[in-house]
Amino acid sequence: MKARSLFVLGALLAAPTIVQAQTPRLSFDQAVYMTCRDAQVMQPEERKQLAIFLADHSARYRGVSLPQDERGGQLAMLVRGGCTLAPDAYLFTVIDRAILAEKDKLPKRQ
């Protein structure tokens, strides 16, 4: 798979980086019910994979692509804030709301 901008909980990482996206061990039906608190206790690499997996799904649904520049960091900061304010919120919901909030600034999916 191609490298994608890291879209993870900003609270869990110091800065966005480029990682190799991989499918997490969870199916989407399982991953969608993970809370921010659940993600916090995961190993860092598993957490990254989960966040990228959920972000890719949300971005496809919203018709946008995840950017590989500073906009990815801005999305991560929105996720960080959402998870800080509501640690029991579903991670997918927080990621999806961040993408929705920045949708007009993100590149359209081709």
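Described in the following lines is the structure provided in the data block. (Residues numbered from 1 in each chain as written. Predicted model: local features only at pLDDT ≥ 70, side-chain atom pairs only at ≥ 80, totals over all residues. Heavy atoms only, no water.)

Describing the environment of Ala 55
For the record, the criterion: The way it works is that DSSP assigns letters per residue, a run of H or I at least four long becomes a helix, a run of E at least two long becomes a strand, and they are numbered from the N terminus. Three exposure classes are used, based on accessible area relative to the maximum for each residue type with a 1.4 Å probe and protein chains only: buried under 20%, partly exposed in between, and exposed over 50%.
Along the polypeptide, Ala 55 turns up in helix α3 (residues 44-62). Assessed through its relative accessible area of 0%, Ala 55 is described here as buried. Separated by 39 residues in sequence, Ala 55 and Val 94 place their C-alpha atoms 9.9 Å apart.

Quick look at the state of the cysteines
Each disulfide is one covalent bond, formed between the sulfur atoms of two cysteines. Definition in use: We call a pair of cysteine sulfur atoms a disulfide whenever their separation is within 2.5 Å.
With the rule as written, the count across this model stands at 1 disulfide. The disulfide partner of Cys 36 is Cys 83, and the S-S distance across this bridge is 2.0 Å. Classification of the bridge connecting Cys 36 and Cys 83 rests on its S-S torsion, roughly -55 degrees, and on that basis the disulfide is left-handed. Taken together, the residues span a long stretch of sequence, with Cys 36 in helix α2 (residues 36-40) and Cys 83 in helix α4 (residues 70-85) at a distance of 47 residues. Each of the two residues, Cys 36 as well as Cys 83, counts as buried.

Brief notes about the environment of Ala 59
To keep things clear, this is the line we draw: Residues are treated as being in contact if the distance between any of their heavy atoms lies within 4.5 Å.
Looking at the element boundaries, Ala 59 is found in helix α3. Residues Ala 59 and Ile 95, 36 residues apart in the sequence, show an inter-C-alpha distance of 9.4 Å. Those residues within four positions of Ala 59 in sequence are excluded, and the remaining contacts are Val 64, Leu 66, Ile 99 and Arg 109.

Here we look at the nonpolar core
Rules: Among the buried residues, those of types Ala, Val, Leu, Ile, Met, Phe, Trp, Tyr and Cys that are joined through side-chain atoms within 4.5 Å form a nonpolar core.
Counting 23 residues, the largest nonpolar core has Leu 50, Leu 54, Val 79, Cys 83, Leu 91, Ile 95 and Ile 99 as its most contacted members. Of all elements in the fold, only α2, α3, α4 and α5 (91-101) reach the threshold of two or more residues within this core.

A short note on the pattern of salt bridges
The following threshold applies: Only one rule defines a salt bridge in this text: a Lys or Arg side-chain nitrogen within 4 Å of an Asp or Glu carboxyl oxygen.
Tallied over the full model, the rule gives 5 salt bridges. A salt bridge links Glu 102 to Lys 105, with the shortest nitrogen-to-oxygen separation between them at 3.5 Å. Given a relative accessible area of 15%, Glu 102 falls into the buried group. Given a relative accessible area of 53%, Lys 105 falls into the exposed group.

Notes on the side chain of Ser 58
Counting through the fold element by element, Ser 58 comes out in helix α3. In this structure Ser 58 comes out as buried when scored by relative accessible area, which is 0%. For Ser 58, the residues in contact, after removing those within four places along its chain, are Phe 92, Asp 96 and Ile 99.

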